[in-house]
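Spelled out, the chains give:
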Amino acid sequence: MSVFVLGRFSVLSFFRAMLRVPGRSSNAPWRKPRHERLLLLLVALAALTPIYVASSQDVSRLCLARSALAGRLTIGSCAGNALDRARYDGQTYSDKAPGMSLFAVPSVWLTSLPPPLHWNAIRDFRIWLIRLFTGGVAFVLLALAVGRLSEGLSPGRGGLVLVTFALATLVGAMAATTFGHVTAAALGFGAFLLGWRGRYGLAGLLAGLAMVVEYQTLIIVVVLAVYVALKGLRNVAAYAVGVLPGGLLLAGYDRAAFGSPFHLSYRYVANKYAKSQASGFFGISVPHWASVEQVLLSDRGLLVVSPVSVAALVGLVLLGRRHLREALVSAAIVFGFLLLEFGYFLPYGGTSPGPRFLIPALPFLAIGLGPAYSRFPRLTALLASVSLIASTTLQLTWSWSGNLSYRHTVWGELWTTFTAGNERLHLELASNVLTWVGLSLTQAAFFVLGCGGLALVLAGVSGRASAARPSHLLLNHDPVAVPDPATE
């Protein structure tokens, strides 16, 4: 069969044919919010200008990118005894999924990045550029996709959802980093959108690449496979063909580095967490209350820092009245990542602004924000404003405070800062590219907060102006189909 097809068409035509199996419906709500470019600019200025302290994540991932340019996979000569490493057969490797390192290869080459011994650990411009062109690009594209889908679902609310998702959740704090969560979220959410449109092969391709960036996105791969199957069993073949390149890439890396296509880097972690990582399923066991409390209610807990998540969850229920399958898929992905966090031995994953392993699920939660803004506009806006303040505080301080607790939660730190002159948050402010044009760290911090606040206000004002119907009717509008370039 393959010989026949390849004989009749080119290889490219063959794969295009496989990737374009039509689905039952390609109607994915998609609409451009008002002032989208300005909102994206403000969001980017708020989230991408901080320069975080160089971390073991940077060392592990960027050393692998440097090694790849040299034609090898070992990182021992570059990383030394860095925390995030794996040991196999006497050699040192990155203990991370290889995807972010592969995406970083072009920018590592363009910046001629030296080994970590020659980095400026506090504010290295080359590392910031690499972060910008990897996680930063993914962040902007993800915010755009969440905003446009939400505008299609709830006209007049897309801009608000864009800003809330980007700056009032953990996503913004992880945007200007080499952590893989935001990039994996962009790929996973893109796969969901393509699956909604009926482009099952391309959906599989992005889902497979997400797994190469972050192993945990296997949850998204599996849930989307069920979603595709529910839209027609014959579509699963196209989805599986799409997933295959990512799966083969990961298997090939594992075979070359660790001797087997089925041995992940987590199997060979060589640091102080090795014993815990080896317990259960790569450190994941049954959920336990201590982790539930830390993920949801502790100093950087999801409900403490980003209470607008509750509104988003309610919005998913409302969304189910119009798009039941998609709401269920989103809820299943959110629930799957929550279970992962509740069962993991280190819910915050070391130095981080909070339960960062949830980030790939956050765009799926965020599509509930449009219905929430439509049904409960004032309450959702209030929760978004509160979340913006707390999330921005974490964004500006986590790289110094990440292994320490925020006393009496991040809100306690803010209270003592303004009432008792507590200097901790001020002393732990991240550097910022704006300091190179003369701003102090404090001025840069207020600039970041100002951009976020202005973006939220602008989105709210423009949303009210563009909403064509009363808010209680917005869930019942006719969906806007995404134009398919292949049919235009």
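Sequence order as written defines residue numbering, which begins from 1 separately in each chain. Owing to the predicted nature of the model, reporting of local features is limited to residues with pLDDT of at least 70; listing and counting of side-chain atom pairs is limited to 80 or more, with chain, interface and lining totals taken over all residues. Based on all heavy atoms of the structure, the side-chain values leave hydrogens and waters out of the count.

1. Notes on the overall build of the chain
Move 1: Along the chain, the regular secondary structure elements total 24 helices and four strands.
Move 2: Within the chain, buried positions represent 57% of all 488 residues.
Move 3: A sequence separation of at least 24 residues applies to 77% of the contacts in the chain between residues at least 6 apart.
Move 4: Carbon and sulfur atoms provide 67% of the accessible area of the chain, an area that totals close to 20300 Å². Helix and strand labels come from DSSP, where a helix needs a run of H or I of at least four residues and a strand needs a run of E of at least two; each type is numbered from the N terminus. Remark: exposure states derive from per-residue accessible area (1.4 Å probe, protein chains only) relative to the maximum for the residue type, with buried under 20%, exposed over 50%, and partly exposed in between. The contact definition used throughout considers only heavy atoms, calling two residues in contact when any of these lie within 4.5 Å. Using a 1.4 Å probe, accessible areas were evaluated by the Shrake-Rupley method; residue-level cover was limited to the displayed protein chains.

2. Considerations on the packing of helix α10 (residues 181-197) against helix α12 (residues 218-230)
Move 1: Across the interface, α10 lies against α12 with an axial gap of 11 Å and an inter-helix angle of 5°. The angle between the axes of α10 and α12 places the two elements in the roughly parallel class. Contact residues: α10 offers Gly188, Ala191, Phe192, Gly195 and Trp196, while α12 offers Ile220, Leu224 and Tyr227.
Move 2: The residue makeup of the contact of α10 with α12, split by class, is six nonpolar, two polar and no charged. Note on geometry: axes are C-alpha line fits, over the in-contact stretch for helices, and angles between N-to-C directions span 0 to 180 degrees. For this classification, under 35 degrees means roughly parallel, over 145 means roughly antiparallel, 65 to 115 means roughly perpendicular, and everything else is oblique. Any residue that is not Ala, Val, Leu, Ile, Met, Phe, Trp, Tyr, Cys, Pro, Asp, Glu, Lys or Arg is counted as polar, Gly included; the first ten are nonpolar and the last four charged.

3. Details of a nonpolar patch on the surface
Move 1: A grouping of Trp289, Leu297, Leu303, Val310, Val314, Phe376, Leu379 and Leu382 is seen on the molecular surface, where their side chains present a nonpolar patch of about 760 Å² in accessible area.
Move 2: Of all the secondary structure elements, the ones that give two or more residues to the nonpolar patch are α17 (308-319) and α21 (377-401).
Move 3: Judged by relative accessible area, which is 37%, phenylalanine 376 ranks as partly exposed. Each patch is built from residues lacking any salt bridge and having more than 30% relative accessible area; the joining distance is 9 Å for like charges and 5 Å for nonpolar side chains (Val, Leu, Ile, Met, Phe, Trp, Tyr). Salt bridge, as applied in this entry: a Lys or Arg side-chain nitrogen positioned within 4 Å of an Asp or Glu carboxyl oxygen.

4. Some details on helix α22 (residues 409-419)
Move 1: Taken residue by residue, α22 has Val410, Gly412, Glu413 and Leu414 as its buried positions.
Move 2: Of the residues flanking the end of α22, it is glycine 421, one or two places downstream, whose phi is positive at about 70°.

5. Notes on helix α6 (residues 99-111)
Move 1: Between its terminal C-alpha atoms α6 stretches 19 Å, which fits the 18 Å expected from 13 residues at 1.5 Å a residue.
Move 2: Helix geometry: α6 is bent most strongly at valine 105, by close to 45°, with proline proline 106 lying one to four residues after it.
Move 3: Gly99, Met100, Ser101, Ala104, Val105, Ser107, Val108 and Thr111 are the residues of α6 that are buried.
Move 4: Looking at the buried positions of α6, the neighbouring elements they touch are α4 (56-69), α7 (125-153), α10 and α11 (200-213).
Move 5: Phi turns positive one or two residues past the end of α6, at serine 112, with a value near 50°. Any helix carries an expected span of 1.5 Å times its number of residues minus one. Here the bend at a residue means the angle between the axes of two seven-residue stretches, the one that ends at it and the one that starts at it.

6. Focus on unusual backbone geometry
Move 1: Positive phi, normally seen in glycine, also occurs at histidine 35, with a value near 60°.
Move 2: Of note, histidine 35 is situated in the loop between α2 (11-19) and α3 (36-48).

7. Comments concerning the packing of aromatic side chains
Move 1: Aromatic pairing here means that ring centres of Phe, Tyr or Trp (its six-membered ring) are within 6.5 Å. Orientation follows from the plane angle: under 30 degrees is stacked, over 60 is edge-to-face, and everything else is tilted. Going through the model one piece at a time under the given rule, you end up with 20 aromatic pairs.
Move 2: For the ring pair phenylalanine 125 and tryptophan 436, a centre distance of 5.4 Å and an interplane angle of 80° mean the geometry is edge-to-face. Remark: tryptophan 436 occurs in the loop between β4 (431-432) and α24 (441-466) and phenylalanine 125 occurs in helix α7; sequence separation between them is 311 residues.
Move 3: A relative accessible area of 41% places tryptophan 436 in the partly exposed class.
Move 4: Among the aromatic residues, those joined into a cluster by ring pairs are Tyr88, Tyr93, Tyr253, Phe258 and Tyr268.
Move 5: Charge-over-ring placement is defined geometrically: NZ (Lys) or CZ (Arg) within 6 Å of the ring centre, and within 35 degrees of the ring normal. When the ring centre of tyrosine 406 is taken as reference, the NZ or CZ atom of arginine 424 above it lies at 5.3 Å.

8. Some remarks on empty space enclosed by the protein
Move 1: Cavity and pocket criteria rest on a 1 Å grid covering protein atoms alone: a 1.4 Å probe that fits but cannot get out defines a cavity, protein on both sides within 12 Å along at least 5 of 7 lines defines an open pocket, and an atom within 4 Å of a point defines a lining residue. Grid points are joined across faces, edges and corners, and a volume is the space filled by probe spheres set on the points. In total, this model carries five cavities of 30 Å³ or more according to the counting rule given.
Move 2: Around the largest cavity sit Phe165, Thr169, Val308, Ser309, Ala312, Leu362, Leu365, Ala366 and Leu369, which together line it.
Move 3: Listing elements by their share of the lining of the largest cavity, those giving two or more residues are α17 and α19 (362-366).
Move 4: Split by residue class, the lining of the largest cavity holds seven nonpolar, two polar and no charged.

9. Here's the deal with the packing of α11 against helix α13 (residues 235-258)
Move 1: α13 packs onto α11 with a crossing angle of 30° between their chain directions and a minimal axis gap of 7 Å. Of the possible angle classes, the one that applies to α11 and α13 is roughly parallel. Where α11 crosses over α13, the handedness of that crossing is right-handed. On α13, the residues touching Tyr200, Gly201, Ala203, Gly204, Leu205, Ala207, Gly208, Leu209, Met211 and Val212 of α11 are Asn235, Ala238, Tyr239, Gly242, Val243, Pro245, Gly246, Leu249 and Leu250.
Move 2: Residues of the contact of α11 with α13, tallied by class, amount to 13 nonpolar, six polar and no charged. Take the far helix as your reference; a near helix turned counterclockwise from it by less than a right angle gives a left-handed crossing, and one turned clockwise gives a right-handed crossing.

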